[in-house]
Amino acid sequence: MPRRPLPPYIAVTLSLLIVAATAGLWLRQYLEESKNPAATSQNFEHANPRRLVSKTTEAVAPTTESADPKDAAPGHSIPNERVLSFAAESDYRAFLANLPDDVHVVASNQRLLSVRIKVPERFDPSQLPPNAQDDPNYTLLTPLPVATDTLAADRAFGSSALRFMGALDPNNAGGQGVKIAVLDTGIRNHTTLDSDKLTQIGFSAPHDYLSHGTAVASLIAGQEGVGIAPQAELIGIQVLDTDGIGDAFTLAKAIVQAVDEGANIINMSLGSYGTNQALSNAVAYAESQGVVLVASAGNESVAALPYPAAYESVIAVSAIDAEGHPTSFSNQSASVDIAAPGVGVYAAWDDENWTSFTGTSAAAPYVSGAIASLSSALDITASEAAELLLANANDSGLPGVDVQLGRGYVDLTRSYNSNTSYTDLALADIYLAHTDGPEDQYTIHLTAQNRGTETIPAAVLSYTLPNGITQEIYLGSLEPGQSASQSLPANVSELSLGLEISANVVTRSYEPDTIPENNLRSSNLSIPEE
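Residues numbered from 1 in each chain as written. Predicted model: local features only at pLDDT ≥ 70, side-chain atom pairs only at ≥ 80, totals over all residues. Heavy atoms only, no water.

**Some remarks on the pattern of salt bridges**
At step 1: Enumeration according to the criterion identifies 8 salt bridges in this entry.
At step 2: With a closest N to O distance of 2.9 Å, Arg82 and Asp134 form a salt bridge. Separated by 52 residues along the polypeptide, Arg82 in strand S2 (residues 77–86) and Asp134 in strand S5 (residues 132–140) bring together distant segments of the chain.
At step 3: We note a salt bridge from Asp260 to Arg111, for which the minimum N-O separation is 3.1 Å. Taken together, the positions of Asp260 in helix H5 (residues 248–260) and Arg111 in the loop between strand S3 (104–109) and strand S4 (114–118) put the pair 149 residues apart, joining distant regions of the chain.
At step 4: Relative accessible area serves as the criterion here: at 43%, Asp260 is assigned to the partly exposed category.
At step 5: In this structure Arg111 comes out as partly exposed when scored by relative accessible area, which is 48%. (Salt bridge = Lys/Arg side-chain N within 4 Å of Asp/Glu carboxyl O. Helix = DSSP H or I, 4+ residues; strand = E, 2+ residues; numbered from the N terminus. Buried < 20%, exposed > 50% of the residue type's maximum accessible area, 1.4 Å probe, protein only.)

**Re the packing of aromatic side chains**
At step 1: Enumeration according to the criterion identifies 6 aromatic pairs in this entry.
At step 2: Here the aromatic residues Phe86, Tyr92 and Phe95 are joined through ring pairs into a cluster of three or more. (Phe/Tyr/Trp six-rings, centres within 6.5 Å; stacked < 30°, edge-to-face > 60°.)

**Side note on the packing of helix H7 (residues 360–378) against helix H8 (residues 382–391)**
At step 1: The contact between H7 and H8 brings their axes to 8 Å, and the two run at 115°. Taken together, H7 and H8 sit at an angle that is classed as roughly perpendicular. Judged by the sense of rotation from one axis to the other, the crossing of H7 with H8 is right-handed. Each of Val367, Ala370, Ile371, Leu374, Ser375 and Leu378 in H7 lies in contact with H8, whose residues at this interface are Ala382, Ala385, Ala386, Leu388 and Leu389.
At step 2: For the contact of H7 with H8, a count of residues per class yields 10 nonpolar, 1 polar and no charged. (Axes fitted to C-alpha atoms, helices over the stretch in contact; angles between N-to-C directions. Parallel < 35°, antiparallel > 145°, perpendicular 65-115°, else oblique. Left-handed = near helix turned anticlockwise from the far one by under 90°. Contact = heavy atoms within 4.5 Å. Nonpolar A, V, L, I, M, F, W, Y, C, P; charged D, E, K, R; others polar.)

**Section: the environment of Glu287**
At step 1: If you trace the backbone, Glu287 turns up in helix H6 (residues 277–288).
At step 2: Looking at Glu287, the relative accessible area reads 44%, which means it is partly exposed.
At step 3: When the C-alpha atoms of Glu287 and Ser383 are compared, they prove to be 9.4 Å apart, with 96 residues separating the residues in sequence.
At step 4: Filtering out sequence-adjacent residues up to four positions away, Glu287 remains in contact with Leu293 and Ser313.

**Points about the pairing of strand S11 (residues 292–296)**
At step 1: With respect to burial, S11 is a largely interior element, 5 of its 5 residues being buried.
At step 2: Of the two faces of S11, the one carrying Val292, Val294 and Ser296 and the one carrying Leu293 and Ala295 are both buried.
At step 3: Here strand S10 (residues 265–268) pairs with S11 via 4 bridges, running parallel. Looking at S11, one finds that Ile266 is bridged to Leu293.
At step 4: In this view, the connection linking S10 to its parallel neighbour S11 by way of H6 has right-handed handedness.
At step 5: Examined bridge by bridge, S11 and strand S12 (residues 314–320) share 4 bridges and lie parallel to one another. Its bridge partner lying in S12, Val294 is registered against Ile315. (Pairing = 2+ DSSP bridges. Right-handed = clockwise from strand over helix to strand, strands pointing away.)

**Side note on the packing of H5 against H6**
At step 1: Following both chains from N to C, one finds H5 and H6 inclined at 15°, their axes separated by 8 Å at the closest point. When the axis of H5 is compared with that of H6, the two are roughly parallel. Considering only the axes of H5 and H6, their crossing is left-handed. Counting all contacts with H5, which are made through Ala248, Phe249, Leu251, Ala252, Ile255, Val256, Val259 and Asp260, the residues of H6 involved are Ala278, Leu279, Ala282, Val283, Tyr285 and Ala286.

**Some thoughts on the sheet that holds strand S19 (residues 470–478)**
At step 1: Spatially, 4 strands are ordered S19-S18-S21-S22 in an open sheet, and the strand pairing comes out antiparallel. Edge strands, defined here as strands with exactly one partner in the open sheet, are S19 and strand S22 (520–525). Each neighbouring strand pair of the sheet contributes to a mean axis angle of 20°, computed without reference to strand direction.
At step 2: Taken together, the 6 bridges between strand S18 (residues 456–464) and strand S21 (residues 499–507) define a ladder with antiparallel strand orientation. The residue of S21 that forms the bridge with Ala459 is Thr507.

**Here we look at the sheet that holds S12**
In sheet architecture, strand pairing relies on hydrogen bonds along the backbone and comes in two forms, parallel and antiparallel.
At step 1: Here we have 7 strands laid out as an open sheet, ordered S7-S8-S6-S10-S11-S12-S13, and parallel in their pairing. Two strands in the sheet have a free side with no partner beyond their single neighbour: strand S7 (198–201) and strand S13 (338–341). Neighbouring strand axes in the sheet, compared pairwise and without regard to direction, differ in orientation by 25° on average.
At step 2: The strands that H8 touches are S10, S11, S12 and S13; relative to S11, the one it contacts most, it runs at about 45°.

**Focus: the nonpolar core**
At step 1: Counting residues in hydrophobic clusters, the biggest one holds 60 residues, and the most contacted among them are Val367 and Ile371.
At step 2: Among the elements that take part in this core, H7 stands out by supplying 9 residues, more than any other.
At step 3: Look past the residues within four positions of Ile371 in its chain and what remains in contact with it is Ile265, Val292, Val294, Ile315, Ala382, Ala385, Ala386 and Leu389. (Core = buried A, V, L, I, M, F, W, Y, C linked by side-chain atoms within 4.5 Å.)

**Side note on unusual backbone geometry**
At step 1: Of note, the bond from Asp169 into Pro170 is cis; its omega dihedral lies within 30 degrees of zero at 5°.
At step 2: By the element assignment, Pro170 lies in the loop between helix H3 (161–165) and strand S6 (179–184).
At step 3: A cis geometry characterises the amide bond from Tyr307 onward to Pro308, with omega recorded as 15°.
At step 4: Looking at the element boundaries, Pro308 is found in the loop between S11 and S12.
At step 5: One non-glycine residue, Asp379, lies in the positive phi region at around 55°.

Below, the structure is given as structure tokens:
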């Protein structure tokens, strides 16, 4: 699906000073922390008899200043490994039949016409066939963990995420007849998952790191109000090892396997800041078969996306908090497509336990499940459901399609009702953003959106400032899904004690507003916590 040629909003890059040894040390520490989350006493609405045992985040990598995102921990090239990809099957077979003496084949895939090889440190690359695409192989991880202090301004969802997204209530039939492949750490047979609807492929012996994949799976197909598509069939394919590390070539093979197993949707809550031709070929193969690919945007707070989210044909998902606002940890890029709940959502963990799950790893499965739910409820293909979900996203944060949330966040109610005639003008958000330039300058964005199915010929925005003065702005005509906004300047002195602002939108049309309760908002704005 096409990308929007928007400029990045925040230019944050990674440092050339990080060396492989430092990244390796940090990575080992991250893996230990992510596999052993700290206990918490946080309570959840309607949580009993389920037991919350942990608060799990996936968080921000150290802020650095490198020009190349591949210097981040997920995405180092694997020493002495190459991935060769061929254009013709005859060349692929000829290479396997006539291997150079010092080359060891780690894995191969005929569908991809690609070979993963190991070579010695002192290897002459001229021994490799000139007709092959020669690429590095890159490390693959789940998104990095989110620091607790980073979440100070992000409000948790708890068990309210499905209601926030407008999932059907009850949601018992969601996803029926749809197969979703979860490419992750593996999935435990948790009590919330229907074992009859779970196929597990390529697992090693059970280990603690299966919990990440279990959490992801529960948000898709957890029973009794946990998952967004509880009747979906899951295909769990383990692409990360017992240390939570994988590689881009293995991910490519898993995508092919998922397609061949009949998956309609592939969820990938993982990423790498390096890619190769084999992974590109796998993504293209899935797209050619009508399979929808969904991937997390990453939690590194950088202006770049990891692969596979960075691919044009993959739906890249960022995270919002319970206010519908962009999170402080999600990566930003013109390639972000949509957002979903990703702060403190209620998810499965271990065999019977539960966790407060934070990160774009949580947001991606909600999008995968929402697509499955639409596909089954409306009897349309997964590709059609994906387009419908994107077209009916709710604007939030920066106005319009942007680098934070793409088209906006998931609204299943709008998607279900897309063939119904109704008028709905909404005050989408009152959002405070730092202004490019002086550090003490901010911008308040008052955004209105046409969330109905009919054109609104005349939309009017009014807002009231603390001094009691009310201004009225004519926004003009809005097509379905279109947004319009008014920007107001604000500085640190105005925000230091809190700036109360309220706004209202009305439609000057012959048709009444079907949902007038979303016309008005009020917010007390203050300087965002760093």
